[in-house]
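Commentary on secondary and tertiary structure
Residues per chain, in single letters:
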Amino acid sequence: MTMAEAGGNGADVLLDVANISLSFGGVKAIRGVSFDVQKGEIRAIIGPNGAGKTSMLNCINGFYHPQEGTITYKGRTRKQMRPHEAAAQGIARTFQNVALFKGMSTLDNLMTGRLLKMKGNFFLEALHLGPAKKQELAHREFVEGVIDFLEIQTIRKTPVGRLPYGLQKRVELGRALAAEPELLLLDEPMAGMNVEEKEDMSRFIIDVNEEFGTTIALIEHDMGVVMDISDRVVVLDHGEKIADGTPDEVGKNQDVIDAYLGVSHD
Amino acid sequence: MDVLYAVFIAPFVDMATAPIFFAEVIIGGLIAGVMYSLVALGFVLIFKASGVFNFAQGVLALFAGLTLVGLMEFMGQTSTQQLPWYLIALAIIGTAAVMVALAFAIERIVLRPLVNQEQIILFMSTIGLALFLEGFGDVLWGSDVKALDIGIPDASFEWGGILLNQFDLVAAATAAVLVAVLAVFFQKTRVGRALRAVADDHQAALSVGIPLKSIWVIVWSVAGIVAMVAGIMWGAKSGVQFSLSLIALKALPVLILGGFTSVPGAIVGGLIIGVGEKIAEIYWGPLIGGAIENWFAYMLAMVFLLFRPQGLFGEKIIERV
Amino acid sequence: MLYREAGQFKASYAADQAIFPITQDRVAVIAVLLIAYLGVPFIQGDYWFEAILLPLLIFALAAIGLNILTGYCGQISLGTGGFLAVGAYSTYKLMTAFPDLNILLIFILAGLITAGVGILFGLPSLRIKGFYLAVATLAAQFFLVWLFNKVPWFYNYHPSGNIEAPPREAFGFLITGAEATPQVRYVVILIFVTLLTLAAKNLVRGRIGRSWMAIRDMDIAAEIIGIRPLQTKLLAFAISSFYIGVAGAMMFSMWLGSVETEAFQLFVSFDVLFMIIIGGLGSLLGSFLGAGFILLLPIVLTNLFVGGLGFTANFAKHVEFMLFGGLIIFFLIVEPHGLARLWQITKEKLRLWPFPH
């Protein structure tokens, strides 16, 4: 699928968020936000700190339950769901602060990401016999493909706790990819990286989108990156949507410029 | 039907028909509860300031009791000869000094080398500490049961038809005063503020220049003195012996009820467990064979947690990613 | 023998995923197994079996059980003593109620019963974590021991309150009761321990083990990946309790022969916890090393003090307490990751030896 097709109007809507409101006690994190993500596009969510971006991702994958509004994914509107149900429906994500399994190796982290694709048979697994062994090997092959794709072969057996930050971010992307998601949520995939690392990561994101056709929704602060790689951008500020459109449109929007330069809201 | 009646109706009939006895049960529970609170408080202090789940708290109480008895015997106390009050006071001060010295030693020998280790490692090290202190106390002072007499009369009197014990009241009052002093210490003093800062965030506290090591020595000293008070009260009532170290186990359900880091939680939780346990033992215990004190408190705390995982005074936790 | 892996290339993922990918490790394990099966049973003298070998194997099995729950799945449990008791008492009830039932089958059933009890006491783990859960598992410890003490049905109304293992045969050998030779009991226990260790290894290195470790390392991320926290934790509770239950069954019927609830008190829970921490959390080898360390240390100390220095038994006991406590603290400071890590570091050094740089 090419970028032009993906971004175009009339493409299938994969995810539709309508009138979401979320509050913690008295604090309103999100107020009546609506937007959609189309199949095959890269959709960026941007906004200043505290705009409600991460809370929005948390709603999409079922970690938070919004008080109002609906989320329609693959044509099915849902009320509430648990994160593991979202995962079963093909939503994977990475986290703002790397959330890897620190005691496990890179390979095991990726294999864990693959868990939902594996079938359980307790007794065969305990004996490591027949189908259980075959399944383990088949998934190992897939995961090795992801390892090659992300160019992390040399750290295959290293416990991830020992890896530098940039590589941890990459392993985390690998863990999400191992699940073969339809919708990939990336929460600041380039935070804390230097320029080269950002270039690598941007390349991986675009490759994932183009080669696997994975739909991506990402939060990012680096405007240069956002403008370069995303098809459409939604801008949040103080929990409200203030703009939505192509990178060019959003870049020229006066509200967006005000929000980033800190003009007071009255 | 008989079973249902015995479980759900009869105990309440008993309570209503003998209100004075019921009141005595509740008071007995409250007094035991004060003791639990005291031990739980020692736990909370250390957990708050250093994240250490201190299993040795009960052994600290035993160790303090043994030390006090040893010092009093050294000063000439025998089973017939009562020491004058100032010598008893001196012995108590001496014991407190030993507890402070112990706090220094624990910080230097156990905690400092284990800083930044996982909580379970620290927990296991306090079990090691408990074993060590138990053996050490016995080697120093011998392992037979010792009577501890600090001169508070163990006399009963009647008040409005309810039988009360003078010693129990003095013990409860002492504990209450201690708790109040500690609360003031934490809220109003500089050290208390530093301590609360450390409890919130070790790294942040270090970065604004709070000396972590001396804070730890202080909390372990305070916890040692709290343990000493508990050891004296308990020891004077039923003798200083190994079983004293087991009161720590009584304090654990108090902790899950009240929260590991909440001072008011430790106090209220202690009272709830004390009263609940006595009532259950007296009105329901005979139905299922008795001696349910050992586990009832745990079950009570566990069921409570299923409905309110943040404990009595904790705030609802918002998880973030 | 030189410990090198140079020249050992793995040409397939299957070879890379073998339990012991390095030839020297494989040889060493086979050698240990050969000695354990073909050499040790011919040792004469009951002391070695009764005081060291049988408890070592049984506690290693219990330690593997606890390690699955605590080391791999991250749920601290202080209820091991109670679960050992469930294994022991259900074995006794099954042995006396169904005298014709195969004793080996009874061990499995006792394990399954313990697994059920474990699931029950694991339910709070959905809502509570860390030390709160640890304290909640004390409820299991105290309640279960109280139950077996107070309800006469469990010890068949025997006036002493003890339970005693009746003699039972398997494959023509007498394996329980006073007449069973320690050598035969040793071999039966060894077979169980070997098979269950292998099964544990297969579980922890596969799908299930990874879901446990994911919950241990970061439960929120695990849930977002699609791991169901309650099922995963309860499975860990169940399997852990199964191992501990089988250990309890063998402890009662094949090692002690006659027990009362005193044998399952809280200090047993702590001992097993010490074994996995000193041996190494999340290591099966560590479960064996830790069990050896915790069991042998008091024996060595007692021999030293009473035999060597002539202390009175009572005084020696107190000094032993001190030293045991002190050594544990010392050990935690020197190597908080346990004997298994120490072993691993030695191996890594050996790989490079004699050219460390």
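Nothing here was measured: the structure is a model prediction, and the numbers come from that model.

Once that is clear, we can look at the overall build of chain A. Each helix and strand in chain A was counted, giving 11 helices and 10 strands. At 19 Å, chain A has a C-alpha radius of gyration in line with the 18 Å of a compact globule built from 266 residues. Once the C-alpha set of chain A is aligned to its principal axes, its extents read approximately 65 × 40 × 40 Å. Residues classed as buried in chain A amount to 53% of the 266 residues present. Considering only contacts in chain A between residues 6 or more positions apart, those separated by 24 or more positions represent 68%. As displayed, chain A offers around 11600 Å² of accessible surface, 50% of which is attributable to carbon and sulfur atoms. One way to put it: in chain A the 29 positive side-chain charges average out to a point 9 Å from where the 38 negative ones average out.

Residues and elements named next belong to chain A. We note that E180 has phi near 50°; this positive angle belongs to a residue other than glycine. Tracing the backbone through its elements, the reader meets E180 in the loop between α7 (165-178) and β7 (183-187). Note on E180: relative accessible area 39%, which makes it partly exposed.

We now examine the pattern of salt bridges. Residues and elements named next belong to chain A. Counted according to the given criterion, the structure contains 28 salt bridges over all chains. One salt bridge connects E180 with R114, and the closest N-O pair in it is separated by 2.8 Å. Remark: R114 occurs in the loop between α4 (106-113) and α5 (122-127) and E180 occurs in the loop between α7 and β7; sequence separation between them is 66 residues. In this structure R114 comes out as buried when scored by relative accessible area, which is 6%. Among the ionic pairs, D222 bridges to K198, the shortest N-O distance being 2.9 Å. One end of the pair, D222, is in the loop between β8 (215-219) and α9 (223-229); the other, K198, is in helix α8 (residues 195-212), and 24 residues separate them in sequence. The exposure class of D222 is partly exposed, given its relative accessible area of 25%.

Over the atoms rolls a probe the size of a water molecule, and its path tells where empty space is left. The tally for this structure, following the rule as stated, stands at five cavities of 30 Å³ or more. Put simply, the largest cavity is a space of about 100 Å³. A87, I91, A92, R93, G113, L116, E172, R175, A176 and A179 of chain A together with I224 and I225 of chain C together form the lining of the largest cavity. Taken together, the elements giving at least two residues each to the lining of the largest cavity come down to β6 (91-93) and α7 of chain A together with α9 (219-225) of chain C. Tallied by class, residues from the lining of the largest cavity come to eight nonpolar, one polar and three charged. Counted as a void, the second largest cavity has a volume near 80 Å³.

The next point concerns the nonpolar core. Judged by nonpolar contacts, the single largest core of 259 residues is most densely connected at I60 of chain A, F123 of chain B together with Y243 of chain C. Both domain 1 (1-90 + 181-266) and domain 2 (101-178) of chain A contribute no fewer than three residues apiece to this core. Non-local contacts of F123 of chain B, meaning those with residues more than four positions away in its chain, are made with F53 and F55 of chain B together with L78, F131, F270 and L273 of chain C. F149, I155, L184 and V225 of chain A belong to the second largest nonpolar core, which has 33 residues in total.

This part is about a nonpolar patch on the surface. A cluster of nonpolar side chains, L4, Y5, F8, I9 and V13 of chain B, forms an exposed patch at the surface whose accessible area comes to about 480 Å². For V13 of chain B, the location among the structural elements is in helix α1 (residues 2-17).

With that settled, the discussion passes to the packing of aromatic side chains. In the structure shown here, the tally under the stated rule is 36 aromatic pairs over all chains. Here the aromatic rings of F55 of chain B and F123 of chain B are separated by 6.3 Å at their centres, their planes lie at 85°, and the arrangement is edge-to-face. You can see F55 of chain B sitting in the loop between α2 (19-50) and α3 (57-74) and its partner F123 of chain B sitting in helix α5 (residues 119-141), a full 68 residues away along the chain. Accessibility assignment for this pair places F55 of chain B and F123 of chain B in one class, buried. Their ring planes at 90° and their centres at 4.9 Å tell us that F148 of chain C and F154 of chain C sit as a pair that is edge-to-face. On the basis of relative accessibility, which here comes to 5%, the residue F148 of chain C falls in the buried class. Since its relative accessible area comes to 17%, F154 of chain C is described here as buried. Counting every residue linked through ring pairs, the aromatic cluster contains F43, F47, F53, F55, F123 and F260 of chain B together with F131, Y132 and F270 of chain C. Positioned over the ring face of F204 of chain A is R203 of chain A, at 5.1 Å from the centre of the ring.

What follows deals with helix α4 (residues 85-111) of chain B. In this model, α4 of chain B (27 residues) spans 37 Å end to end at C-alpha, consistent with the 39 Å of a helix rising 1.5 Å per residue. Listing the buried residues of α4 of chain B in full gives I88, A91, T95, A96, M99, L102, A103, I106, E107, V110 and L111 of chain B. Contact partners of the buried residues in α4 of chain B: α3, α5 and α9 (212-238) of chain B together with α13 (313-334) of chain C.

Taking 1.5 Å of rise per residue, 15 residues should cover 21 Å, and helix α12 (residues 293-307) of chain B covers 22 Å from first to last C-alpha, within 8% of that figure. If you check which residues of α12 of chain B are buried, you get W295, A297, Y298, M299, A301, M302 and L305 of chain B. On its buried side, α12 of chain B packs onto α10 (247-258) and α11 (263-284) of chain B together with α5 (103-122) and α6 (130-150) of chain C.

What follows covers the domain arrangement of chain A. All names here are of chain A. With domains assigned, chain A is organised as domain 1 (1-90 + 181-266) and domain 2 (101-178). One C-alpha centre belongs to domain 1, the other to domain 2, and the line joining them spans 27 Å. Contact with domain 1, which involves 20 residues of that partner, is made by 11 residues of domain 2. Interface of domain 1 and domain 2: buried area, both sides summed, is about 1200 Å²; carbon and sulfur atoms make up 74% of it. Taken together, the connections running from domain 1 to domain 2 amount to two salt bridges. Ionic pairing is found between R170 and D200, a salt bridge with its closest N-O pair at 3.4 Å. At the surface where domain 1 touches domain 2, the tally comes to two residue pairs in polar contact (both at pLDDT 80 or more).

Below, the discussion takes up the interface of chain B and chain C. Each partner contributes residues to the interface: chain B has 49 residues there, and chain C has 39 residues. Between chain B and chain C lies a buried interface of about 4000 Å² when both sides are counted; carbon and sulfur atoms form 83% of it. Counting every contact that joins chain B to chain C gives zero salt bridges. Of all the secondary structure elements, the ones that give two or more residues to the side of chain B that touches chain C are α4, α5, α10 and α12 of chain B. At 16 residues, the largest contribution of residues to the side of chain B that touches chain C is made by α5 of chain B. Looking at the side of chain B that touches chain C residue by residue, the classes come out as 35 nonpolar, 10 polar and four charged.

A separate point is the sheet that holds β7 of chain A. Paired through their backbone hydrogen bonds, the strands of a sheet run either parallel or antiparallel. Residue and element names in this part refer to chain A. Read from one edge of the open sheet, six strands run β6-β7-β8-β3-β9-β10, paired in mixed fashion. On the outer flanks of this sheet lie β6 and β10 (240-245), each paired with one strand and no other. Going across the sheet, the axis of each strand differs from the next one's by a mean of 20°, ignoring polarity. Strand direction decides the pairing type here: β6 and β7, joined by three bridges, are parallel. Residue R93 lies in a different strand from β7, and its bridge partner there is L185. Across the sheet, helix α2 (residues 53-60) is in contact with β3 (42-46), β6, β7, β8 and β9 (232-237); its angle to β7 comes to roughly 150°. Packed on one face of the sheet, helix α11 (residues 254-261) meets β3, β9 and β10 and runs near 130° to β10.

Another point: the sheet that holds strand β2 (residues 27-38) of chain A. Residue and element names in this part refer to chain A. In spatial order, the strands read β2-β1-β4-β5; together these four strands make up an open sheet with antiparallel pairing. Both outer strands of the open sheet, β2 and β5 (76-78), are each paired with one neighbouring strand and no more. Pairwise comparison of adjacent strand axes, ignoring direction, gives a mean angle of 20° for this sheet. In the sheet, strand β4 (residues 68-73) pairs with β5 via three bridges, with the strands oriented antiparallel.

Criteria and thresholds
Residue positions are given per chain, counted from 1 along the sequence in the order it is written. Written order determines the labels here, with chains lettered from A and ligands numbered from 1. Whole-chain, interface and lining totals are the exception, using all residues; otherwise, since this is a predicted model, local features are given only for residues with pLDDT of at least 70 and side-chain atom pairs are given and counted only at 80 or more. Calculation of side-chain values draws on the structure's entire complement of heavy atoms; hydrogens and water are dropped beforehand. The secondary structure listing takes helices from DSSP runs of H or I that are at least 4 residues long and strands from runs of E that are at least 2 residues long, numbered from the N terminus. The globule rule used for comparison is 2.2 Å times the number of residues to the exponent 0.38, while the radius of gyration itself is calculated over C-alpha atoms. Each residue gets one of three labels from its accessible area relative to the maximum for its type: buried under 20%, exposed over 50%, partly exposed in between, using a 1.4 Å probe on protein chains only. Contacts are residue-level and defined by heavy atoms, with any inter-residue pair within 4.5 Å sufficient. Note on areas: Shrake-Rupley with a 1.4 Å probe; residue coverage comes only from the protein chains shown. The positive count covers Lys and Arg only, the negative count covers Asp and Glu only, and His and the chain ends enter neither. The atom standing in for a charge is NZ when the residue is Lys, CZ when it is Arg, CG when it is Asp and CD when it is Glu. A carboxyl oxygen of Asp or Glu within 4 Å of a side-chain nitrogen of Lys or Arg is what we treat as a salt bridge. Think of a 1 Å grid over just the protein atoms. A cavity is a set of points where a 1.4 Å probe fits yet cannot get out, a pocket is an open set with protein on both sides within 12 Å along at least five of seven lines, and lining residues have an atom within 4 Å of a point. Grid points are joined across faces, edges and corners, and a volume is the space filled by probe spheres set on the points. Under the scheme applied, nonpolar residues are Ala, Val, Leu, Ile, Met, Phe, Trp, Tyr, Cys and Pro; charged residues are Asp, Glu, Lys and Arg; polar residues are all the others, including Gly. Throughout, nonpolar core names a set of buried Ala, Val, Leu, Ile, Met, Phe, Trp, Tyr and Cys residues whose side chains join them through atoms within 4.5 Å. Domain start and stop points were drawn from an automatic or database domain assignment. Each patch is built from salt-bridge-free residues with over 30% relative accessible area, joining like charges within 9 Å and nonpolar side chains (Val, Leu, Ile, Met, Phe, Trp, Tyr) within 5 Å. Note on aromatic pairs: the rings of Phe, Tyr and Trp (six-membered ring only in Trp) are paired at centre separations within 6.5 Å, and the planes decide the class, stacked below 30 degrees, edge-to-face beyond 60, tilted for the rest. Two thresholds decide whether a charge sits over a ring: the Lys NZ or Arg CZ must be within 6 Å of the ring centre and within 35 degrees of the ring normal. The span expected for a helix works out to 1.5 Å for each residue beyond the first. Buried area is calculated as the accessible area (1.4 Å probe) missing from two parts once they are joined, with the contributions of both summed. Under the rule applied, a polar contact is a pair of N or O atoms within 3.5 Å (in protein, one hydrogen donor and one hydrogen acceptor; residues adjacent in sequence only if both atoms are side-chain atoms). Strand pairing is assigned whenever DSSP detects at least two bridges linking the two strands. Axis angles are defined between N-to-C directions and span 0 to 180 degrees, where every axis is a line fitted to C-alpha atoms and, for a helix, only to the segment in contact.

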